[in-house]
Amino acid sequence: MSKKDEIVQRSTQFSDRLSRLPAKKRALLEKRLRGELADAVPVIPRRSEPGPVPLSFAQQRLWFLDQLEPASPSYNIPFVVHFAVPLDVTALENSLNEIVRRHHILRTRFTVVDDKPVQVVAPALAVVLPIVDLQGLAEPKRTGLARKLAGEDAQRPFDLARDPLVRATLLRLGNEEHVLLLNMHHIVSDAWSVWEVLGQEIVALYQAFSSGAPSPLPELPIQYADFAVWQRGWLQAEVLDSLLAYWKQQLGGAPALLDLPTDRPRPLVQTFRGASQSFMISRSLSEALKALGLQEQVTSFMVLLAAFKTLLYRYTGQADIVVGAPIANRNQAEIAGLIGFFVNTLALRTDMAGNPTFRELLGRVRATTLGAYAHQDLPFEMLVEQLNPERTLSYSPLFQVMFTLQNAPVDTQGLAGLSLWGFEKETAKFDLTLSMAETMEGLGGELEYNTDLFDAVTIERMIEHWQVLLGEVAAHPERRIADLALLPEVERRKVMEEWTATSVEYPRDRCIHELFEGQVERTPDSIAVMCDEQHVTYGELNRRANQLGQRLVRQGVGPEVLVGICVERSVELVIGLWGIMKAGGVYVPLDPTYPAARLEYMLRDTEAPVVLSQERLKGVLPEYGGEVVWLDREWSEIEREREEKPEVGVRPEHLAYVIYTSGSTGMPKGVPITHENLGPLLRWSEEYFGLSERTKVLQTLNPCFDFGVMELVTTLLSGGTLCILSEEERGELGRYGEYVRWLGINTIHAT
């Protein structure tokens, strides 16, 4: 076994055990593991010179975004703690001040020197803990107002150049109930800072100060500014070239956009208005997913990421999917206990092609994730700059969807009665961010979404699909990802049974023109077709179609014989369609506006012995070896034919028409449709659109396409009136509203 394979195997075997260890011990072991996967990172020294220092790469990106959109709350990090015990307010305030003293980044402001942003550390900053007293309010108004104030504080922006970038407020709900509102800007903090440092230090310091003891925390070896200076110097030359080479190879040719089905079109300029919905995964399913990870030698993060990418694959149909994932990026012991913006973002790309089994997909995700961990030190900001993807203000570069797993909840055992509050979010950094967290009750989840793209009901349905998919993954990892169920039982029943219950009763032993004849018997004097000044009744239309049918029969037309019809949209078009079918022939529409080469190809391909046309189209119709019936010039002769329906023995299994494809992917192809095929569709369409004898349809669709035939035929099978605009009228789009009012139109089919 190679050294690399050995490392991969060891990392997957230990992953679950690592997640259960105390935070500091786990961080140390993870550091050692990463040290085997990547070159050792040198120790970070203290700065030798005081004064302003450059921003870290991550800070520089947030500073730039703040310049583009000042006073935005999008990068606030609120932290709300609920105390259900007697509280020593002085000890709590002293704890916060000690944290600000220890961590210079919390008293840092960001300004510009010599046209470059720098961070300037204030020598001191006193945190005053204002108290908002809500004791006089009755429940539930008191708690409701507290949550409202928490939400408002979370949305209150920071001024990076002037404000302290940490603030605190205490809400007093009762003698033994308080809520602490803490808020920091992301430029000075990250999730690790909150969960692994701030929360732990508050607990430790409060316990000490409330009992009169000194701080139990050792002095910090370095400060965030030391890291920023070191990072700028270390990411140079060979180190930078090696990291860039990996990521360029990994992300080269990746799709720019994950095309999620949204409720509204994507805005031209991306917004960050958002909301979120929370949910829980049962304890039993959470344990089953963890067991799957152990069985497949992957981490819980990899199992959930693979499942989330499966959901995105099913939603988008894209097989090349890039999802962003944050990583703590604390590879050195000296920064493990610092508050600061260290987190980096990894662009995790997975090839979903070939419809792999979920087990196979797990292997792909594991390889991608371990490779990304080994090259995590390249700042995402620098990666975007170097890859230089096509930029647009409409969406984020490289990826638009994030996934996170929090498997190290803050330890609050030192303070009984302490808990964390959630509140409604009003921002979203990406289209979607799925956050999962391991809790005692099972996996907790939150789906943050951009409200300009998605409705709440869509997100609710997506969460349902996610929960069903996780159950499928745990139970059937051997299934291919396209075969894993997404729909809850209620939704599955609706789709599979209710929505597909589209069968309609129709006479299976009759042809389409025979159904038309039944309508003629019911409403012989009703207007069937209107065009210009012509008003043709059902009885008259049937008589003319019979006469044309008789003529075609004498010319050799019968069942399965193709007959072309190249006429403008007119009464003649409708007569021609029914006349062809009454002769037993097959209707083949030829659009007069088609290029001559296409018409010539279709005539040659069908070998139609007869074509119906109009004399004014002589210059349009190509040279043709068969017989042409000029409907306008020869109509006086056709009218001498018998008015009875021809007896030709056509049956439902015979062809009714042939429609040619567009030819966009090759030569046009004729698609044959039988009377038997067409009958149910026409009956369903008639019922679905509510067509009746009172219907007036404006003929808008091209009769050379299936829906054009359906529009024409269904109107006349239901007893309605088909209103055809002349070529001149059809060219006056601005007058369509006038025609609709004038003709009394109540139904229009449009694409």
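Now for a description of the structure that goes with this document. The structure presented is a predicted model; accordingly, all values stated were derived computationally and were not measured.

### Some details on the overall build of the chain
Within the chain, the secondary structure is distributed over 23 helices and 25 strands. Looking at the chain as a whole, 52% of its 751 residues qualify as buried. Within the chain, contacts between residues separated by at least 24 positions form 75% of all contacts whose residues are at least 6 apart in sequence. Carbon and sulfur atoms make up 52% of the accessible area of the chain, which amounts to about 34,300 Å² in all.

### Remarks on the packing of helix 17 (residues 571-582) against helix 21 (residues 706-717)
Axis separation between helix 17 and helix 21 bottoms out at 12 Å; the angle between their running directions is 80 degrees. In terms of orientation, helix 17 lies roughly perpendicular with respect to helix 21. Between helix 17 and helix 21, the contacting residues are L573, V574, L577 and W578 on the first element and L712, V713, L716 and L717 on the second. Here the residues of the contact of helix 17 with helix 21 sort into eight nonpolar, no polar and no charged.

### A few points about a nonpolar patch on the surface
On the surface, L268, V269 and L393 cluster together to form a nonpolar patch covering roughly 370 Å² of accessible area. By secondary structure assignment, the location of V269 is in the loop between helix 8 (237-251) and strand 8 (274-280).

### So, the sheet that holds strand 1 (residues 53-54)
Read from one edge to the other, the open sheet built from three strands follows the order 1-4-3, with strand pairing classed as antiparallel. Two strands lie at the open edges of the sheet, namely strand 1 and strand 3 (108-113), each paired on one side alone. Bridging between strand 1 and strand 4 (residues 116-121) involves two bridges; their strand directions are antiparallel. Its bridge partner lying in strand 4, V53 is registered against Q119.

### Observations concerning the pattern of salt bridges
Under the criterion given, the structure shown has 30 salt bridges. Measuring nitrogen to oxygen at the nearest pair gives 3.2 Å for the salt bridge that ties E517 to K645. With a gap of 128 residues between them, E517 in helix 15 (residues 512-522) and K645 in the loop between helix 19 (635-638) and strand 21 (655-660) connect regions that are remote in the sequence. On the accessibility criterion, E517 (13% relative accessible area) is buried.

### Structural notes on the sheet that holds strand 23 (residues 696-698)
Two modes of strand pairing occur in sheets, parallel and antiparallel, and in both the strands are linked by backbone hydrogen bonds. Strand order in this open sheet of five strands is 16-15-24-23-25, and the pairing throughout is mixed. Among the strands making up the open sheet, the edge pair consists of strand 16 (534-537) and strand 25 (747-748). Direction of pairing for strand 23 relative to strand 24 (residues 721-724): parallel, over a ladder of three bridges. Bridging across to strand 24, K696 finds its partner in T721. The sheet contacts of helix 17 involve strand 15 (527-531), strand 16 and strand 24, and relative to strand 15 the element is tilted by about 140 degrees.

### Quick notes on the packing of aromatic side chains
Within this structure, the stated rule accounts for 14 aromatic pairs. Arranged with centres 5.5 Å apart and planes meeting at 45 degrees, the rings of F301 and F403 form a pair that is tilted. In this pair, F301 sits in helix 10 (residues 300-316) while F403 sits in strand 11 (residues 401-406), placing the two residues 102 residues apart along the sequence. Here F301 matches F403 in class, with each residue buried. Here the aromatic residues Y224, F227, W230, W234 and F342 are joined through ring pairs into a cluster of three or more. Over the ring of Y594 we find R598; its NZ or CZ atom is 4.6 Å from the centre of that ring.

### Description of the environment of E540
Mapped onto the elements of the fold, E540 is located in helix 16 (residues 538-554). By relative accessible area, which is 23% here, E540 ends up partly exposed. In the structure, E540 is positioned twelve residues away from A528 in sequence and 8.9 Å away in space, judged by C-alpha atoms. In this structure the side chain of E540 is engaged in a polar contact, spanning 2.6 Å, whose partner is the side chain of R544.

### Things to note about the side chain of Q277
Position of Q277 relative to the elements: it lies in strand 8. At 3.0 Å, the side chain of Q277 forms a polar contact with the backbone oxygen of A456. Contact partners of Q277, with chain neighbours within four places excluded, come to G445, E446, L447, Y449, A456, I459, E460 and I463.

Reading the values: the criteria
- Residues numbered from 1 in each chain as written.
- Predicted model: local features only at pLDDT ≥ 70, side-chain atom pairs only at ≥ 80, totals over all residues.
- Heavy atoms only, no water.
- Helix = DSSP H or I, 4+ residues; strand = E, 2+ residues; numbered from the N terminus.
- Buried < 20%, exposed > 50% of the residue type's maximum accessible area, 1.4 Å probe, protein only.
- Contact = heavy atoms within 4.5 Å.
- Areas by Shrake-Rupley, 256 points an atom, 1.4 Å probe, with all protein chains shown as cover.
- Axes fitted to C-alpha atoms, helices over the stretch in contact; angles between N-to-C directions.
- Parallel < 35°, antiparallel > 145°, perpendicular 65-115°, else oblique.
- Nonpolar A, V, L, I, M, F, W, Y, C, P; charged D, E, K, R; others polar.
- Patch = residues over 30% accessible without salt bridge, like charges linked within 9 Å, V, L, I, M, F, W, Y side chains within 5 Å.
- Salt bridge = Lys/Arg side-chain N within 4 Å of Asp/Glu carboxyl O.
- Pairing = 2+ DSSP bridges.
- Phe/Tyr/Trp six-rings, centres within 6.5 Å; stacked < 30°, edge-to-face > 60°.
- Lys NZ or Arg CZ within 6 Å of the ring centre and 35° of its normal.
- Polar contact = N/O pair within 3.5 Å; in protein donor to acceptor, adjacent residues only side chain to side chain.

Note that all results are geometric; they support no functional claim without further evidence.
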